[in-house]
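Topology and contacts: notes
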Amino acid sequence: MRTALLGAARSDALRRAVTSSPATRPVVSRFVAGDDLDAAVRTVRELTAAGLTFTLDHLGEDTTSREQAEATRDAYLHLFRRLADEGLTAGAEASVKLSALGQALPRDGVRVSTGLAAELVAAATENGVLVTLDMEDHTTVDATLETLRTLRAEVPTVGAVLQSMLHRTEADCRDLATAGSRIRLVKGAYAEPESVAFPDKADVDRAYVRCLRILVEGQGYPMVATHDLRLVRIARELVTRTGRDADSYEFQMLYGIQPAEQRRLAEEGATVRVYVPYGTDWYGYFVRRLAERPANVGFFLRSLTTR
Ligand code: FDA
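The structure displayed is predicted, hence computed values, not measured ones.

Here's the deal with the UniProt feature "binding site: substrate" (unreviewed entry) in the protein
UniProt annotation of "binding site: substrate" (unreviewed entry) refers to K97, R288 and R289 when read in the numbering used here. Relative to the elements of secondary structure, R288 occurs in helix α12 (residues 283–292). Residues in contact with R288, not counting those within four places in the same chain, are L6, A9 and A189. Following the sequence through the fold, R289 ends up in helix α12. Leave out the neighbours within four places in its chain, and R289 touches F31 and N296.

Examining the site of the ligand
Near the ligand lie 23 residues; those nearest to it are D134, V186, A189, T226 and H227. The element that contributes the greatest number of residues to the shell around the ligand is strand β7 (residues 250–254), accounting for three residues. Counted by class, the shell around the ligand contains ten nonpolar, six polar and seven charged residues. Two domains each provide a minimum of three residues to the shell around the ligand, namely domain 1 (1–32 + 282–307) and domain 2 (33–281).

Concerning the nonpolar core
The tendency in soluble globular proteins is for nonpolar side chains to be buried as a group. In terms of nonpolar packing, the biggest core is built from 85 residues, with V96, V131, L185, C211, V274 and V276 touching the most fellow members. When residues in this core are grouped by element, the largest group, seven residues, is from helix α9 (residues 201–217). Here this core spans two domains, since at least three of its residues come from each of domain 1 (1–32 + 282–307) and domain 2 (33–281). In this structure V276 touches A33, A40, T43, V44, F54, T55, L56, D57 and Y255, once residues within four positions along its chain are discounted.

Analysis parameters
Residues numbered from 1 in each chain as written. Predicted model: local features only at pLDDT ≥ 70, side-chain atom pairs only at ≥ 80, totals over all residues. UniProt positions renumbered as here; feature names shortened; annotations may be inferred. Helix = DSSP H or I, 4+ residues; strand = E, 2+ residues; numbered from the N terminus. Contact = placed C-beta atoms within 7 Å. Near = placed C-beta within 6 Å. Nonpolar A, V, L, I, M, F, W, Y, C, P; charged D, E, K, R; others polar. Domains from an automatic or database assignment. Core = buried A, V, L, I, M, F, W, Y, C linked by C-beta atoms within 7 Å. Buried ≥ 20, exposed ≤ 12 C-beta atoms within 10 Å, placed from the backbone.

The structure is reproduced here in structure tokens:
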């Protein structure tokens, strides 16, 4: 079911059917802050009032034109100005998908997306906002890490995401566990072939622990991004054992998932960052959230049929 759903994330026909149905809205709003920046700002105000910090994702991916890629950059520039105007930049972060900046454009996609990302990172830095590059499917990892290296030459705080489901990730963790390196560790949300990824969830979880150990024992800044409470517990044990200070790592969770746990961890003194997506291009993001938990699909289908 997960693979079928993740395939659906790339279907234009399904995208049209799902996004045009008003019945989907209440379910989507569990995971997406809203269609526009006003909604995003309202959400981050609520989160900061509850002692949480945030990373904002202007939704979009798989851009097919240079104009669209530039529009994505502009949306982020607008976001940074708005956060500054609202006095919300302290500890703020933005998450960016390089495919939204044109990474897959034919011929010069990597050059285009790296250039636009550099403009975006410069503007974020001017406004005191951090940036992390989201990680997409395995075919993009080398290009994304190359872009990361280019961006870090100017702004060393640029973060990246590594996915424990990929066989290569332990080695990537070793390479990137260097001083100041902000690395968000996730399990991985894309359908991947067995040639590059662990097919069994238990193996993905075990790999997560191995990667976590490398990052926590390393010199960088681990961002432990999971709703798996067993892994959260293991992370807490590891940071205690290694004597890490509370400000040398953080937990991250997605908007709408385990909100009580997000608050509980923050109340215990941990830094907890909530990933807040906003915008109209929510389809791919939403389908990945459905695929993560079969119960979500039933809930979604019921909401369609009970209207
Ligand atoms: P797991 O899937 O085992 O879930 C553990 C528990 O959390 C479940 O039992 C359930 O209770 C709850 N839960 C998890 N997902 C849920 C859902 N959708 N709905 C309701 N409950 C749910 N991936 C990627 O490939 N590239 C990226 O850049 C990112 N970025 C990212 C940022 C942040 C801050 C987070 C937290 C996650 C990502 N991800 C990601 C997604 C990640 O790869 C993964 O798919 C999800 O976090 C789900 O995996 P868990 O670690 O939560 O474990």
